[in-house]
Amino acid sequence: MYYGKYYVFREIDARQSVAPSCSRRFDAATSSVEAEVTGIDGVHGVVAVPVRGLVYATATGTDEVVSIDPATNEIIARASTGAFPDGVAYDATDDRVLVSNKADGSITVHDPVTLRIERTIEVGEESGNVVYDPVSDLGYTATTPPGTRSPTWWRSVPCPTRRPSSTRSSPS
């Protein structure tokens, strides 16, 4: 949420086999769509970061992460990620953007302005969705071991300044 505005994917028709190529800004107060941001091929993850004045979205169709200016709804930067970027989160402690890359089992850590990859954390399994927890100062991603269909583990990933961790825990 960004000052009463939600950024969401365009609704997917059940007959479509691909993710949408735009994100919509939804006004919670008026229950209406205010704007549509196009040029994001296969939107999967969206996170608004008011402290930076930006919205970040993953584009699975082009293996990219983009930053959006919510005042103009224009894409202001884009950069490569790993294969099939899925989730996106913001690490407020280290001021970094985290992207989970489903197809290559990694988390890419990006500069929040240039979106340049600063680090790649190998998860080793399919990595979907990512969240950042400021209390533990860790990122978490849902992982799917080979040969299974649903996430069975949440794996912690270190923030950008920490050493890699192999800690695993079962979902609650």
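Residues numbered from 1 in each chain as written. Predicted model: local features only at pLDDT ≥ 70, side-chain atom pairs only at ≥ 80, totals over all residues. Heavy atoms only, no water.

> Provide a residue-level description of the overall build of the protein chain, including the pertinent values.
Counting its regular elements, the protein chain contains zero helices and 15 strands. In the protein chain, which comprises 172 residues, the share counted as buried stands at 45%. Look at the contacts in the protein chain between residues 6 or more apart in sequence, and 32% of them connect residues 24 or more apart. Summed over its atoms, the accessible surface of the protein chain is roughly 8600 Å², and 51% of this surface lies on carbon and sulfur atoms. (Helix = DSSP H or I, 4+ residues; strand = E, 2+ residues; numbered from the N terminus. Buried < 20%, exposed > 50% of the residue type's maximum accessible area, 1.4 Å probe, protein only. Contact = heavy atoms within 4.5 Å. Areas by Shrake-Rupley, 256 points an atom, 1.4 Å probe, with all protein chains shown as cover.)

> Mind laying out the sheet that holds strand β8 (residues 85–91), listing which residues take part and the relevant values?
Adjacent strands of a sheet form backbone hydrogen bonds with each other and so pair up, either parallel or antiparallel. With antiparallel pairing, four strands are arranged side by side in an open sheet as β8-β9-β10-β11. Each end of this open sheet is capped by a strand with a single partner; those strands are β8 and β11 (117–122). Neighbour-to-neighbour, the strand axes of the sheet open up by a mean angle of 20 degrees, direction not taken into account. Note: strand β9 (residues 96–101) against strand β10 (residues 106–110), five bridges, orientation antiparallel. Within β10, the position partnered with Leu98 by the bridge is Val109. (Pairing = 2+ DSSP bridges. Axes fitted to C-alpha atoms, helices over the stretch in contact; angles between N-to-C directions.)

> Quick rundown of the sheet that holds strand β4 (residues 43–49)? Include the residues and the values.
Pairing in this open sheet of four strands is antiparallel, and the strands run β4-β5-β6-β7 from one edge to the other. Bordering the open sheet on either side are β4 and β7 (74–80), each of which pairs with just one other strand. Going across the sheet, the axis of each strand differs from the next one's by a mean of 20 degrees, ignoring polarity.

> Got a sec to walk through the nonpolar core? Specific residues and values, please.
Judged by nonpolar contacts, Val47, Val49, Leu54, Tyr56, Val65, Ala77, Ala79, Val88, Tyr90, Val97, Val99 and Leu115 together constitute the single largest core of 12 residues. Contributions of two or more residues to this core are made by β4, β5 (54–59), β7, β8 and β9. Look past the residues within four positions of Val97 in its chain and what remains in contact with it is Tyr56, Val88, Ala89, Tyr90, Thr108, Val109, His110 and Pro112. (Core = buried A, V, L, I, M, F, W, Y, C linked by side-chain atoms within 4.5 Å.)

> So what's going on with unusual backbone geometry? Residues and values would help.
The backbone of Asp63 shows a phi angle near 50 degrees, a positive value even though the residue is not glycine. Of note, Asp63 is situated in the loop between β5 and β6 (64–69). Residue Asp63 is classed as partly exposed on the basis of its relative accessible area, which comes to 30%. A positive phi angle, close to 55 degrees, is found at Asp95, a residue other than glycine.

> Explain the confidence of the model for the protein chain residue by residue, including any values.
Caution is warranted with low-pLDDT regions, since their predicted coordinates should not be read in detail. Mean pLDDT over the protein chain: 77, with 69% of residues reaching 70 or higher. Mean pLDDT across the elements of the protein chain bottoms out in strand β15 (residues 168–169) (38) and peaks in β7 (95). Predicted confidence for residues 161–172 stays below pLDDT 50, and this span has 22 contacts to residues more than four positions away or in other chains. (pLDDT = per-residue confidence, 0-100.)

> A description of the pattern of salt bridges should follow, citing residues and the corresponding values.
Taken as a whole and assessed by the stated rule, the structure comprises four salt bridges. Across the pair Asp95 and Arg52 runs a salt bridge, and its minimum N-O distance is 2.7 Å. Taken together, the positions of Asp95 in the loop between β8 and β9 and Arg52 in the loop between β4 and β5 put the pair 43 residues apart, joining distant regions of the chain. Under the relative-accessibility criterion, Asp95 is labelled partly exposed at 22%. A salt bridge links Arg116 to Glu118; the shortest N-O distance between them is 3.6 Å. Overlapping salt bridges bring together Arg96, Arg116 and Glu118 as one network. (Salt bridge = Lys/Arg side-chain N within 4 Å of Asp/Glu carboxyl O.)

> If you had to explain the environment of Asp104 to someone new, which residues and values would you point to?
Tracing the backbone through its elements, the reader meets Asp104 in the loop between β9 and β10. Residues Asp104 and Val123 lie 19 residues apart in sequence; the distance between their C-alpha atoms is 8.6 Å. Apart from residues no more than four positions distant in its own chain, Asp104 is found in contact with Gly82, Ala83 and Glu122. Of note is the side chain of Asp104, whose polar atom sits 3.0 Å from the backbone nitrogen of Ala83. Side-chain polar atoms of Asp104 contact the side chain of Ser106, separated by 2.8 Å. (Polar contact = N/O pair within 3.5 Å; in protein donor to acceptor, adjacent residues only side chain to side chain.)

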